[in-house]
Amino acid sequence: MRKNIVAGNWKMNKNLQEGIALAKELNEALKGKTVKCDVVIGTPYIHLAGVADSIDTSRVGVAAQNCADKELGAYTGEVSAAMIASTGAKYVILGHSERRAYYHETAETLKEKVTLALANGLTPIFCIGEVLEERESEKHFEVVKSQIAASLFDLASEDFGKIVLAYEPVWAIGTGKTATAAQAQEMHAFIRSTLAEKYGQVVADNTSILYGGSANASNAKELFSNPDVDGGLIGGASLAVDKFMPIIEAF
Ligand code: PEP
């Protein structure tokens, strides 16, 4: 079922002790509050188990920021979806633009990662989004559609139903330049119609589509008030509870 979700992406920030302290502080801040969205934090790999053990994971879900495209074996430095699931994490962020740009992740490797995440019971938060040049040349719809189709459209509809999408225009990530609420809504509606064409209206209506890119306490309410924006993937503003909580409470 479609849910509102506010997910933090800590990226490569916070050492283990700082990360556990931040997760505990968020857990405490949410205690006794009724919020209208699911809350998730995406931590570095080494934090996953410690964070999951320190908080109530039914209140704050835990996400990895990546997983290996292989099941197991001689892949030095990699972390498998099964390992992530064994920590208590329930989500994995896949296809973030930083991974696509700096680590050359391709549609094909992402497809493998999605398959392995689902096979291990993890919910992929699958990121898509155009770079500035693509928006300026009005290719943004085409780019986003092909990112979704290339990595996800071989999934059976039952499996697609387990995916959360995050539309993150690359020009808005970490730049302070948020998409306007109208730009976000326009793209989210386009994504939903693309899903409807492929999987039917029911699956499309049940898919959570998050917005990411310089979302913060001042713009979250307007972004989330759009009918096709089901929450946010939040980078910088997820690193402090006093910045993250107002985004959660924007619903
Ligand atoms: C992100 O990295 O997913 C992100 C949205 O970052 P920021 O909120 O800092 O733009």
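Our structure's up above, just so we're on the same page.
All values reported here derive from a predicted model rather than from experimental measurement.

Draft legend 1. Examining the site of the ligand more closely. The environment of the ligand is formed by 14 residues, the closest being Lys11, His96, Glu168, Gly174 and Ser214. Contact distances for the ligand include 2.8 Å between an oxygen atom and a side-chain N or O atom of His96. One nitrogen or oxygen atom from the main chain of Gly235 is found 2.8 Å from an oxygen atom belonging to the ligand. In the complex, 95% of the free accessible area of the ligand, which totals 290 Å², lies under the protein chains. Here the shell around the ligand is built from residues that sort into four nonpolar, eight polar and two charged.

Draft legend 2. A look at the sheet that holds strand 6 (residues 164-167). Strands sit in the order 1-2-3-4-5-6-7-8 around a closed barrel of eight strands; the barrel is parallel. When strand polarity is set aside, the average angle formed by the axes of neighbouring strands in this sheet is 25°. For strand 7 (residues 209-212) and strand 8 (residues 231-234), the ladder comprises two bridges, and the chain directions are parallel. Opposite Gly212, over in strand 8, you have Leu233 as the bridge partner.

Draft legend 3. Up close: empty space enclosed by the protein. Taken as a whole and judged by the stated rule, the model has one cavity of 30 Å³ or more. Each pocket or cavity is described by its volume, and for the largest cavity that value is around 30 Å³. Together, Trp10, Leu22, Leu26, Ile41, Ser238, Ala240, Val241 and Phe244 line the largest cavity. Contributing elements (two or more residues each) for the lining of the largest cavity: helix 1 (16-30) and helix 12 (241-248). Its residues placed into classes, the lining of the largest cavity shows seven nonpolar, one polar and no charged.

Draft legend 4. Region of the structure containing the packing of helix 1 against helix 12. Running from N to C, helix 1 and helix 12 cross one another at 40°; their axes reach a closest spacing of 10 Å. Overall, the two elements helix 1 and helix 12 adopt an arrangement that is oblique. Crossing geometry of helix 1 relative to helix 12 is assigned as right-handed. Along the contact surface, helix 1 presents Leu22, Glu25, Leu26, Ala29 and Leu30, while helix 12 presents Val241, Phe244, Met245 and Ile248.

About the thresholds
- Residues numbered from 1 in each chain as written.
- Predicted model: local features only at pLDDT ≥ 70, side-chain atom pairs only at ≥ 80, totals over all residues.
- Heavy atoms only, no water.
- Near = heavy atom within 4 Å.
- Polar contact = N/O pair within 3.5 Å; in protein donor to acceptor, adjacent residues only side chain to side chain.
- Areas by Shrake-Rupley, 256 points an atom, 1.4 Å probe, with all protein chains shown as cover.
- Nonpolar A, V, L, I, M, F, W, Y, C, P; charged D, E, K, R; others polar.
- Pairing = 2+ DSSP bridges.
- Helix = DSSP H or I, 4+ residues; strand = E, 2+ residues; numbered from the N terminus.
- Axes fitted to C-alpha atoms, helices over the stretch in contact; angles between N-to-C directions.
- 1 Å grid on protein atoms, 1.4 Å probe; cavity = no way out; pocket = protein on both sides within 12 Å on 5 of 7 lines; lining within 4 Å.
- Points joined across faces, edges and corners; volume = space filled by probe spheres on them.
- Parallel < 35°, antiparallel > 145°, perpendicular 65-115°, else oblique.
- Left-handed = near helix turned anticlockwise from the far one by under 90°.
- Contact = heavy atoms within 4.5 Å.

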